[in-house]
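As a plain string of letters, each chain reads:
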Amino acid sequence: MTNQGKKLINDPNDVVTEFIEGLVETYPGLQYLDGFPEVKVVLRADVSSATYEKVAVISGGGSGHEPAHAGFVGEGMLTAAICGDVFASPPVDSILAGVRAVTGPMGCLFIVKNYTGDRLNFGLAAEQAKSEGYKVEMVIVGDDCALPPPRGIAGRRGLAGTILIHKVAGAAAASGRSLADVAAEAKRASQMVGTMGVALSVCTLPGQVTSDRLGPGKMELGLGIHGEPGAAVADLQPVDVVVSHVLKQILSPETNYVPITRGSRVVLMINGLGATPLMELMIMAGKAVPRLQLEHGLAVDRVYTGSFMTSLDMAGFSISVMKADQAILQHLDAATKAPSWPVGVDGNHPPAKIPVPIPSSNSTNSDESLSRPQQLSQQGHILEVIIEAAATAVINLRDNLNEWDSKVGDGDCGSTMFRGATAILEDMKKHYPLNDGAETVNEIGSSIKRVMGGTSGIIYTIFCKAAYAHLKANSYSIVTPVQWSDALEAAIAAVSKYGGASAGYRTLLDALIPASSVLEERLSAGDDPADAFILSSEAALAGAESTKHMQAQAGRSTYVSGEILASVPDPGAMAAASWYRAAALAVKDKYRSS
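This one's a predicted model, so the numbers in the text were calculated from it and none came from an experiment.

Which parts of the structure should I look at to understand the pairing of strand β6 (residues 108–113)?
Side-chain positions along a regular strand alternate between the two faces of the sheet. Buried residues dominate β6, accounting for six of its six residues. Residue alternation in β6 divides its side chains into two sets, C108, F110 and V112 and L109, I111 and K113, and both sets are buried. Pairing analysis gives four bridges linking strand β4 (residues 56–63) to β6, with the strands arranged parallel. Bridge pairing in β6 links I58 to F110. With six bridges joining them, β6 and strand β7 (residues 136–141) adopt parallel strand pairing. Paired with F110 across the bridge in β7 is M138.

Here's what the structure looks like:
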C-alpha cells in the first residue's frame with residue numbers, strides 16, 4: 001500500500017531552486033548564480049575568481065541531503081556547492097559555472113561522494129576546466145562501512161563522513177596552503193573515516209508516493225542516503241543494541257575499512273537522516289561515546305551531533321567515526337562561517353556532570369536551628385497552635401472539598417490538600433524550627449512540595465517560598481504582626497505573578513486577597529493583632545463564598561458551565577479560607593487563655 005507523500009512545496013520540479021532562494025535570503029554570506037533552473041550553484045558572497053587568492057573547495061551532488069552541501073558553504077569550509085536535482089548528480093555545465101565563479105590562480109579542489117554519476121560529471125568538468133587553464137584536483141570520499149568489501153569498481157558509497165572532509169579541506173585552504181597540500185590533507189582525512197546508516201523508514205521524493213517497503217517494527221541496516229537497499233532488514237531494537245552493532249561494523253578488523261585500533265583518538269559524528277528528533281540523536285551520542293571508550297579503547301576527542309547529510313524525510317541516523325590526530329583536530333576546530341557547521345564543539349571537554357548545588361541557606365544554618373527546639377518561645381507556641389489548627393481544618397474539610405471539586409474540577413482537591421496538611425502535622429513534630437518564623441514557613445513549603453501534587457501543590461509551595469524569601473530578606477526571626485502581613489502580601493503577589501490569576505478569577509486568591517487587605521488595614525488602624533486577624537479571616541470566608549458568583553478564568557473550572565459553577569464555591573478558595581480562619585481563631589483563643 002502506498003500514499004501520496006505530504007510536502008510543504010509548490011511544484012515538485014522547483015524544490016531545489018526555491019530551497020536555494022530561501023537559503024541565501026537566510027544567510028547573507030551566501031549567493032547563487034543566476035542560471036536557474038539549469039545552473040544551481042551556491043557560493044560565498046565574498047569570493048570572486050578574479051580576486052580570490054586561495055584554493056577554492058567545491059563539492060556538491062544531488063539535492064535532498066540538506067543541509068549538505070550548500071549549508072556548508074562559507075569561509076573555512078566550502079567555497080561553492082553545486083546542486084543537482086533531488087538525488088541526481090549536477091550537470092557538467094553547472095559544475096563548470098561554479099569553477100569559473102570562484103576559482104583563482106591557486107586552483108580548486110573537488111570533493112566528491114563516491115557515486116558513479118557524481119564521479120563522471122565532476123570528472124568531466126575537471127578535465128574541461130583544466131583545458132580552460134584552471135588547476136583542478138579531485139578527492140573521492142567513500143566512507144560507507146555497511147556492505148562487504150566490494151569486488152568491482154563501484155567502491156564504498158560516500159556518506160555523512162564527507163562533511164568532515166569538507167571541514168578539513170576548507171580549513172587547510174583557508175590557511176593559504178597550496179592545491180597539492182589541500183588535496184593531500186583531504187585525501188588523507190578521507191581514508192580515516194567510516195560511516196554506517198540505519199533507517200526506520202524510507203524517504204519520500206517530492207511529488208511521489210510514500211513507500212511502505214520497510215514495514216512496522218522493522219529497521220534497515222546500511223540503507224543508502226538515496227533509499228538504496230542496505231545490508232539487512234531487522235527487527236527494531238533498543239538504541240543501545242543498534243549503536244553497539246553500528247560501531248562494531250565500522251571498526252571491524254575483518255573489513256579493516258578504517259585504520260582505527262585500540263588507543264586511537266577519534267571524532268564522532270551522529271547524523272540524523274531527516275526525520276529523527278534531536279532528542280533521539282543525543283541519546284545515540286550519549287550511548288556511543290562510552291562504548292567507543294570502554295569497548296573499543298578509543299579516546300573520543302570531538303562529538304558532532306545533528307542533521308548534516310540527510311535523506312529528505314527519512315527516519316534514521318548514521319554514525320561516522322574518524323581517526324584523529326593533532327592536525328585533523330586543528331582543522332576541525334578552525335573557525336568557519338559555514339552556517340550549518342556546529343558551533344561550540346571545539347576544545348577540551350570538561351566533566352560531563354557536576355554535583356547538584358546545595359542551597360546556600362542550608363549551609364549557613366546549624367542543625368539545631370532547623371530542628372524542633374527543645375523549648376518553645378512565645379512565638380514558637382503561637383506558631384505551633386496556628387499550624388495545628390490550620391492543618392486540622394483542612395483535614396476535616398477533605399470530603400467537602402472533593403465533593404465541590406467533583407463538580408468544577410477533577411475531584412481531588414480535598415485529597416491533595418489532605419496529603420499536604422497531614423505531612424505538615426507530622427513534620428512539625430519532628431523538625432520545624434518553630435522559634436524561627438521565617439524558617440518554619442520555609443519548612444512548611446518543603447513539606448508541601450514533597451507530598452502535594454498538581455497545581456495546588458506548586459501554588460502553595462510558591463506561596464510559602466515567597467513568604468519565606470520576604471521574611472528572610474529582612475532578617476526577621478521574631479516576626480511582628482505587621483511583618484506577617486507584609487509576608488502574606490508578598491506570597492499572594494508571587495502566586496498571582498506565576499499563576500496568572502488575580503481577584504475575581506475564582507481561585508484561592510479570592511479568599512486571600514481580601515483577607516490580606518483587611519489585615520493590613522486593621523493593623524494600620526492600630527487594632528489588636530488578634531482582632532485584626534479575626535476580621536481578616538471573615539473577609540477570607542466572604543471572598544471564598546463569593547466565588548459562586550464568578551465565572552472561572554483559571555484552572556479546569558474554565559471549562560465548566562456557569563450554571564454548575566453557581567452551585568458551589570471554588571474548592572481552592574474554600575480551602576484557603578478554612579485554614580486561614582482556623583489559624584485566626586487559634587490565635588484568638590491563645591491570647592484569651594494567656
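Text resumes after the structure shown.
Explain helix α14 (residues 454–473) here, please?
Helical periodicity: at 3.6 residues per turn, an α-helix aligns residues three or four positions apart in one direction. The end-to-end C-alpha distance of α14 is 29 Å, a good match for the 28 Å that 20 residues give at a rise of 1.5 Å each. Backbone geometry just downstream of α14 places S475 in the positive-phi region, at approximately 55°.

Could you clarify how one ought to interpret the packing of helix α4 (residues 161–174) against helix α8 (residues 326–333) in this entry?
How two helices pack is summed up by the angle between their axes together with the distance between the axes. Two elements in contact, α4 and α8, have axes whose closest approach is 8 Å; the angle formed by their N-to-C orientations is 90°. Here α8 runs roughly perpendicular to α4, going by the angle between their axes. In contact with L164, K167, V168, A171 and A172 of α4, α8 contributes I328, H331, L332 and D333. Tallied by class, residues from the contact of α4 with α8 come to six nonpolar, one polar and two charged.

Just to check I follow, could you spell out the environment of I387 for this structure?
Relative to the helices and strands, I387 is located in helix α10 (residues 378–396). You can call I387 buried: its relative accessible area is 7%. Sequence separation of I387 and I424 is 37 residues, and the distance between their C-alpha atoms is 8.0 Å. Aside from chain neighbours lying at most four places away, what touches I387 is I424, L425, M428, Y432, L434, T440 and I444.

Explain the sheet that holds β7 here, please?
Strand pairing within a sheet occurs via backbone hydrogen bonds; the two strands may be parallel or antiparallel. The strand order across the open sheet formed by six strands is β2-β3-β5-β4-β6-β7, and the pairing between neighbours is mixed. A strand with exactly one partner marks an edge of an open sheet, and here the two such strands are β2 (30–32) and β7. The mean inter-strand angle of the sheet, taken between neighbouring strand axes irrespective of direction, is 25°. In this structure, β4 lies alongside strand β5 (residues 80–86), joined through five bridges in parallel fashion. Looking at the pairing, S63 lines up with V86 of β5. Running at roughly 5° to β7, helix α5 (residues 179–190) makes contact with β6 and β7 of the sheet.

Would you mind showing me how to read the layout of surface pockets here?
The rolling of a water-molecule-sized probe over the atoms marks out the regions of remaining empty space. What the largest pocket holds in volume is close to 1,100 Å³. Lining the largest pocket are 42 residues, and of these L383, I386, W484, F533 and A583 sit closest to its centre. Listed by contribution, the elements that provide at least two residues to the lining of the largest pocket are α10, α12 (413–431), α13 (437–451), α14, α15 (481–499), α16 (509–524), α17 (529–545) and α19 (571–593). Of the residues forming the lining of the largest pocket, the biggest block, nine residues, is contributed by α10. Tallied by class, the residues present in the lining of the largest pocket amount to 36 nonpolar, six polar and no charged.

Looking at this structure, I do not really get the environment of F122. What am I missing?
In this structure, F122 sits in helix α3 (residues 116–131). Distance from F122 to D93, taken between C-alpha atoms, is 9.9 Å for residues 29 residues apart in sequence. Ignoring anything within four residues of it in the chain, the contact list for F122 reads S59, G60, G61, I82, P90, I95, F110, V112 and M138.

Even after reading the chapter, I still don't get the packing of aromatic side chains, so can you show me in this structure?
For any pair of aromatic rings, the description rests on two quantities: the centre-to-centre distance and the angle between the ring planes. For the structure shown, the criterion picks out eight aromatic pairs. Between the aromatic rings of Y460 and F463, the centroid separation amounts to 6.3 Å while the plane-to-plane angle is 65°, which identifies the pairing as edge-to-face. Placement of both Y460 and F463 in helix α14 is noted, with a separation of three residues, approximately one turn of the helix. Taken as a pair, Y460 and F463 share a single burial class, namely buried. Between Y460 and W579, the ring centres sit 6.4 Å apart and the planes meet at 65°, which makes this aromatic pair edge-to-face. With Y460 in helix α14 and W579 in helix α19, the pair connects residues that are 119 residues apart, well separated along the chain. Comparing Y460 with W579 shows no difference in burial state: the two are buried. It is R398 that lies over the ring of F418; its NZ or CZ is 4.1 Å from the centre.

Reading the values: the criteria
- Residue numbers here run from 1 along each chain, matching the order of that chain's written sequence.
- A pLDDT threshold of at least 70 governs which residues receive local features in this predicted model, and a stricter bar of 80 or more applies before side-chain atom pairs are shown or counted, although totals over entire chains, interfaces and linings include all residues.
- Side-chain numbers come from the whole structure's heavy atoms, not from hydrogens or water.
- Per-residue accessibility, obtained with a 1.4 Å probe over protein chains only, is compared with the maximum for each type, and a residue is labelled buried under 20%, exposed over 50%, and partly exposed between these values.
- The numbering of helices and of strands both runs from the N terminus, where a helix is a DSSP run of H or I of at least 4 residues and a strand a run of E of at least 2.
- In this analysis, strands are considered paired if DSSP registers two or more bridges between them.
- A helix is expected to span 1.5 Å for every residue after the first.
- Angles here are taken between N-to-C directions and fall from 0 to 180 degrees, while the axes themselves are lines fitted to C-alpha atoms, restricted in helices to the stretch in contact.
- Angle categories are assigned with fixed cut-offs, so that under 35 degrees is roughly parallel, over 145 is roughly antiparallel, 65 to 115 is roughly perpendicular, and the rest are oblique.
- In this description, contact between two residues means that some pair of their heavy atoms is separated by no more than 4.5 Å.
- Amino acids are sorted into nonpolar (Ala, Val, Leu, Ile, Met, Phe, Trp, Tyr, Cys and Pro), charged (Asp, Glu, Lys and Arg) and polar (every other residue, Gly among them).
- We place a 1 Å grid over just the protein atoms. Points where a 1.4 Å probe fits but has no way out form a cavity, open points with protein on both sides within 12 Å along at least 5 of 7 lines form a pocket, and any residue with an atom within 4 Å of a point lines it.
- Grid points are joined across faces, edges and corners, and a volume is the space filled by probe spheres set on the points.
- Only the six-membered ring of Trp is used, alongside the rings of Phe and Tyr, when aromatic pairs are assigned; centres must lie within 6.5 Å, and planes under 30 degrees apart are stacked while those over 60 apart are edge-to-face, with the rest tilted.
- A ring has a charge above it when a Lys NZ or an Arg CZ is no more than 6 Å from the ring centre and no more than 35 degrees off the ring normal.

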